[in-house]
Amino acid sequence: MSKRGKPRSILKLAQEIFKIINSMDGPFAKTKLATEVNISPKAAENWLDLIVFIQSQPRIKLTKTGHNTIVERIEGKHSVMSLKTFLDEDIPVERRLQSLMDYSKEIFSREL
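Residues numbered from 1 in each chain as written. Predicted model: local features only at pLDDT ≥ 70, side-chain atom pairs only at ≥ 80, totals over all residues. Heavy atoms only, no water.

Undergrad: Can you help me understand the packing of helix α1 (residues 10-23) against helix α2 (residues 30-37) in this one?
TA: Describing two packed helices takes the angle between their axes plus the distance from one axis to the other. With their axes 10 Å apart at the nearest point, α1 and α2 run at an angle of 130° to one another. Considering their axes alone, α1 and α2 lie oblique with respect to each other. Crossing hand, α1 versus α2: right-handed. Contacts from Leu13, Glu16, Ile17 and Ile20 in α1 reach Leu33, Glu36 and Val37 in α2. Of the residues that constitute the contact of α1 with α2, the class distribution is five nonpolar, no polar and two charged. (Axes fitted to C-alpha atoms, helices over the stretch in contact; angles between N-to-C directions. Helix = DSSP H or I, 4+ residues; strand = E, 2+ residues; numbered from the N terminus. Parallel < 35°, antiparallel > 145°, perpendicular 65-115°, else oblique. Left-handed = near helix turned anticlockwise from the far one by under 90°. Contact = heavy atoms within 4.5 Å. Nonpolar A, V, L, I, M, F, W, Y, C, P; charged D, E, K, R; others polar.)

Undergrad: Just to check I follow, could you spell out the nonpolar core for this structure?
TA: General note: in soluble globular proteins, nonpolar side chains tend to be found buried as a group. Counting 11 residues, the largest nonpolar core consists of Leu13, Ala14, Ile17, Ile20, Leu33, Ala34, Val37, Ile39, Ala44, Trp47 and Ile51. Among the elements of the structure, α1, α2 and α3 (41-55) are those that each provide at least two residues to this core. Looking at this core, the element that brings in the most residues is α1, giving four residues. (Core = buried A, V, L, I, M, F, W, Y, C linked by side-chain atoms within 4.5 Å. Buried < 20%, exposed > 50% of the residue type's maximum accessible area, 1.4 Å probe, protein only.)

Undergrad: What is the right way to read the side chain of arginine 96 from this model?
TA: With respect to the helices and strands, the residue arginine 96 is situated in helix α5 (residues 93-111). No salt bridge is formed by the buried arginine 96; the nearest opposite charge belongs to glutamate 89, separated by 5.4 Å. In this structure arginine 96 touches Thr85, Phe86, Leu87, Asp88, Glu89 and Ile91, once residues within four positions along its chain are discounted. (Lys, Arg positive; Asp, Glu negative; His and termini not counted. Salt bridge = Lys/Arg side-chain N within 4 Å of Asp/Glu carboxyl O.)

Undergrad: Looking at this structure, I do not really get the pairing of strand β2 (residues 68-73). What am I missing?
TA: Two faces belong to every sheet, and in a regular strand the side chains alternate between them. The sheet contact formed by strand β1 (residues 60-65) and β2 spans six bridges and is antiparallel. Bridging from a neighbouring strand, lysine 64 pairs with threonine 69 of β2. Between β1 and β2, which pair antiparallel one after the other, the connecting turn spans two residues, and glycine 66 there sits at a positive phi close to 60°. (Pairing = 2+ DSSP bridges.)

Undergrad: Explain unusual backbone geometry here, please?
TA: Excluding glycine, a negative phi dihedral is what most residues carry, and trans is how most peptide bonds are arranged. A positive phi is found at asparagine 38, a non-glycine position, where the angle reads about 65°. In this fold, asparagine 38 is placed in the loop between α2 and α3.

See the structure below:
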């Protein structure tokens, strides 16, 4: 529930969470997020787990047509794996750069 006593929509709560995350200059405790967004620490942890899970999934595109919404995956499993490899700081730079090239090629080939 928000400070006004009305329940917030899932989208509104997610927007508030990302507003706080984007306003922080460095790492911060989950309890700070919970306090700022006015949710319990357990709810904050659940939201963060959900965000991390969603960020590891292929991107999608929504197309609304009248009363229907069409869902289209715009990244394949290979491109997601390449991007994860590139972002992994424990992997040697040469391999990370190759992963970035693979990711770029796949994205460009989808757009042509």
